[in-house]
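# Observations on the model geometry
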Amino acid sequence: MSLSQIARTLRESITLKLNQTAALLREKGEPVIHLGGGEPKSKTPIDAIVSCTAVLNSGDIKYTPADGIPALKKAILRYTEEHYGKAVRPENVIASCGAKQAIMAALHAILDPKDEVIFPVPYWVSYPEMVKLAGGVPVPVRAEDGSFHPLVREIADAMGSYTKAVILNSPNNPSGAMYSKEFVAELVELCAKRSIYLIMDDTYNRLVFDGRPPVNCYDYSSEEVDQSKLLVINCVSKMYAMTGFRIGWAVGSKELITAMAVIQGQQTSGPATPSQWAAVGALNGIQNSIDALRVTLENNRNILIDRLNAFPGIRVTSPQGAFYSFPDFSHYMADSQKLSEFLLNKVRVVTVPGREFGMEGHLRISFCGTVKEITDGIERIRWALDPTAPNELALGDRRLVRDWM
Ligand SMILES: Cc1ncc(COP(=O)(O)O)c(C=O)c1O
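Everything quoted here is computed from the prediction, not taken from an experiment. Think of each chain on its own: its residues are numbered from 1, step by step along the sequence as written. Totals for whole chains, interfaces and linings use every residue, but because this is a predicted model, local features are given only for residues with pLDDT of at least 70 and side-chain atom pairs only at 80 or more, for both listing and counting. Values reported for side chains reflect all heavy atoms of the structure, with hydrogen atoms and water molecules removed beforehand.

### Re the site of the ligand
Quick note on the threshold: It suffices for a single heavy atom of a residue to lie within 4 Å of a molecule or strand for the residue to be listed as near it. Here a polar contact is recorded for every N or O atom pair within 3.5 Å, except that within protein the pair must consist of a potential hydrogen donor and a potential acceptor, and residues adjacent in sequence are included only if both atoms are side-chain atoms. Reported accessibility uses the Shrake-Rupley method at a 1.4 Å probe radius. Residues are deemed covered only where the shown protein chains occlude them. Segments assigned H or I by DSSP are reported as helices when at least four residues long, segments assigned E as strands when at least two residues long, and all are numbered from the N terminus. Under the grouping applied here, Gly and all other residues not named as nonpolar or charged are polar, the nonpolar ones being Ala, Val, Leu, Ile, Met, Phe, Trp, Tyr, Cys and Pro and the charged ones Asp, Glu, Lys and Arg.
The full set close to the ligand counts 14 residues, and N173, D201, Y204, S237 and K238 are the nearest of them. A99 is positioned such that a nitrogen or oxygen atom in its backbone is 2.8 Å from an oxygen atom of the ligand. With respect to the ligand, the side chain of T203 contributes an N or O atom lying 3.5 Å from a nitrogen atom. Protein chains shield 92% of the accessible area of the ligand, which is 400 Å² for the free molecule. Take the shell around the ligand: its biggest share by element is three residues, from helix 5 (residues 98-110). Classifying every residue of the shell around the ligand by side-chain character gives five nonpolar, five polar and four charged.

### Looking at helix 11 (residues 288-309)
Heads up, the condition is: To estimate the expected span of a helix, count its residues, drop one, and scale the result by 1.5 Å. Relative accessibility decides the category of a residue: with a 1.4 Å probe and only protein chains considered, values under 20% of the type maximum give buried, values over 50% give exposed, and everything between is partly exposed.
An ideal rise of 1.5 Å per residue puts 32 Å on 22 residues; helix 11 measures up with 32 Å between its terminal C-alpha atoms. Among all positions in helix 11, only I290, L293, L297, E298, N300, R301, I303, L304, I305 and L308 are buried.

### What about the sheet that holds strand 9 (residues 324-325)?
In plain terms, the rule: A pair of strands is considered paired only if DSSP assigns at least 2 bridges between the two.
Pairing within the open sheet is antiparallel, and its three strands lie in the order 9-12-11. The sheet is open, and its two edges are formed by strand 9 and strand 11 (352-353), each paired on a single side. Where strand 11 lies against strand 12 (residues 363-366), two bridges are found, and the strand directions are antiparallel. Within strand 12, the position partnered with P353 by the bridge is L363.

### Things to note about helix 6 (residues 126-133)
Buried residues dominate helix 6, accounting for six of its eight residues. Turning to helix 6, its buried residues are S126, Y127, P128, E129, M130 and V131. Positive backbone phi, at 85°, marks G135, one or two positions downstream of helix 6.

### Quick notes on the packing of helix 4 (residues 70-84) against helix 10 (residues 273-284)
The condition that has to hold: Here, axes are lines fitted to C-alpha atoms. For helices the fit covers the stretch in contact, and angles between N-to-C directions go from 0 to 180 degrees. An angle below 35 degrees is read as roughly parallel, one above 145 as roughly antiparallel, one from 65 to 115 as roughly perpendicular, and any other as oblique. By definition, turning the near helix anticlockwise from the far helix through less than a right angle yields a left-handed crossing, and turning it clockwise yields a right-handed one. We call two residues in contact when some of their heavy atoms are within 4.5 Å.
Between helix 4 and helix 10, whose axes approach to 9 Å, the crossing angle comes to 30°. It follows that helix 4 is roughly parallel to helix 10 by the angle criterion. For the pair helix 4 and helix 10, the sense of crossing is left-handed. Side by side, helix 4 and helix 10 meet where A71, L72, A75, I76, R78 and Y79 of the first sit next to Q276, W277, A279, V280, L283 and N284 of the second. Split by residue class, the contact of helix 4 with helix 10 holds nine nonpolar, two polar and one charged.

### Regarding the nonpolar core
Cut-off, in case you're wondering: What is meant by a nonpolar core is a set of buried Ala, Val, Leu, Ile, Met, Phe, Trp, Tyr and Cys residues, joined one to another through side-chain atoms within 4.5 Å. All the domain ranges listed were derived from an automatic or database domain assignment.
Of all hydrophobic cores here, the largest spans 85 residues; its most connected members are L72, V166, V184, L187, L198, L343 and I381. Of the residues that make up this core, three or more belong to each of domain 1 (5-43 + 288-401) and domain 2 (47-284). Judged by nonpolar contacts, the second largest core, of 45 residues, contains I14, V117, F148 and L344.

### Things to note about the environment of L198
Residue placement: L198 occurs in strand 6 (residues 197-201). The sequence separation of L198 and V117 amounts to 81 residues, and the corresponding C-alpha distance is 9.7 Å. In contact with L198, not counting residues within four places along its chain, are V166, L168, L187, V188, C191, K229, L230 and L231.

### Some remarks on the packing of aromatic side chains
As a reminder, the rule being used: Working definition: a ring pair exists when centres of Phe, Tyr or Trp rings (six-membered ring for Trp) sit within 6.5 Å. Plane angles under 30 degrees give stacked, over 60 give edge-to-face, the rest tilted. As a reminder, the over-ring test applies to NZ of lysine and CZ of arginine, requiring each to be within 6 Å of the ring centre and within 35 degrees of the ring normal.
Taken as a whole and assessed by the stated rule, the structure comprises 14 aromatic pairs. Measuring from centroid to centroid gives 5.5 Å for W124 and Y127, while their planes differ by 85°, and the two rings are edge-to-face. Ring centres 5.8 Å apart and planes at 50° place the aromatic pair F148 and F326 in the tilted group. Within this pair, whereas F148 is found in the loop between strand 4 (137-141) and helix 7 (152-158), its partner F326 is found in the loop between strand 9 and helix 12 (336-347), the two being separated by 178 residues in sequence. For the pair F148 and F326, a shared accessibility class is recorded, and that class is buried. These aromatic residues form a ring-pair network of at least three members: F119, Y123, W124 and Y127. The aromatic ring of Y197 is capped on one face by K229, whose charged end is 4.8 Å from the ring centroid. R382 extends its terminal NZ or CZ atom over the ring of F311, reaching a point 5.8 Å from the ring centre.

### Side note on the domain arrangement of the chain
So the rule is basically this: A simple way to read buried area is as the amount of 1.4 Å-probe accessible surface that goes missing from two parts once joined, with both sides added. Salt-bridge detection follows one rule: a side-chain nitrogen of Lys or Arg within 4 Å of a carboxyl oxygen of Asp or Glu.
Looking at the chain, the domain boundaries give domain 1 (5-43 + 288-401) and domain 2 (47-284). On a C-alpha basis, the centres of domain 1 and domain 2 stand 27 Å from each other. Between domain 1 and domain 2, the contact holds 35 residues from the first and 32 residues from the second. Roughly 2,900 Å² is buried in total at the junction of domain 1 and domain 2, and carbon and sulfur atoms are behind 60% of that figure. Three residues stand out in domain 1 for area buried against domain 2, namely I290, Q320 and F357, and they jointly supply 24% of the buried area on that side. For the pair domain 1 and domain 2, the interface holds one salt bridge. For D210, the salt bridge identified is with R301, shortest N-O distance 2.7 Å.

Shown next, in the form of structure tokens:
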């Protein structure tokens, strides 16, 4: 077999793989609790379903412009105006197959071989592989103090002549941490001064807790959108619980968006037509599902963090948004891969190893499931790790006795 170097070296998405593992185990009747997931449980908003089925019922489902149907672009323009206070034109917008393809098309459009892309640690698992796929070099930047927030100075120190872009994801997957207004303001200024693209991955921007407003990068940019190297990424996947529709978008300069549209046109010819109409329905429809989801997630966060705080030996920072927590389990096991496997094998709880996000010793624990999944899942983890916990645990219809320690 003669596969390409990239095919031989690219790593599979661990989060997608864990979804498959959990599904396979469930099919076999195993009482799996999936705390590794990255999608809300709620249903697709009815306005999205109605809009999507209308086009399906018409039977007229054809190619669309590669950068999205006019109705979707219009809905995105309105969204950008309403949530960012920014008026942009259709030429500044591209709709893609999820936020993932929007980021991928952007990387293909800006990177030459050896160009570097900086992102803070911990980072979304896909950034390093996506940068490599586009021929670039990923440059993760770690905070000296071990926190989830590198300083702008630390990011500036990592910049060199090959630096083409910075990706910032806030609220963050996997930590749930948000970068402050001051941080975003300084980073926007730094990137503009050095003429470096700043890709703001705002996938979780509407899922922010404790009454905090989301940080709006445009508040700190004095440049016209067509002169700016700021690219803002969003999607319907998380805020509307529509991961399976695969619709995301990017807002940026006409020059960059046009290049991305050419690339996307050759890759996929654009996102699926029914999905685009579903996104139109979601964006133009009643918006209360986002608030309902945020409230549910905030409640889940509180329950999870209470449980984790009562867990001896674990250090956890309360997430400010998204639906992930990233506790430090190194007191129990330094190797997060082994720990995650151990928890899956022994108590059938799925977690994602911190190593995949650039931080050993941590596990990503999601709180987008039900309260019962969260409480039972943490109870099982505690039972597996804490020698002072009772020595029997109900696991579905079986009972496990701690016999391996
Ligand atoms: C930070 C971040 N960006 C982008 C995405 C991809 O979103 P989509 O499913 O719309 O491609 C995800 C999905 O998990 C994510 O966590």
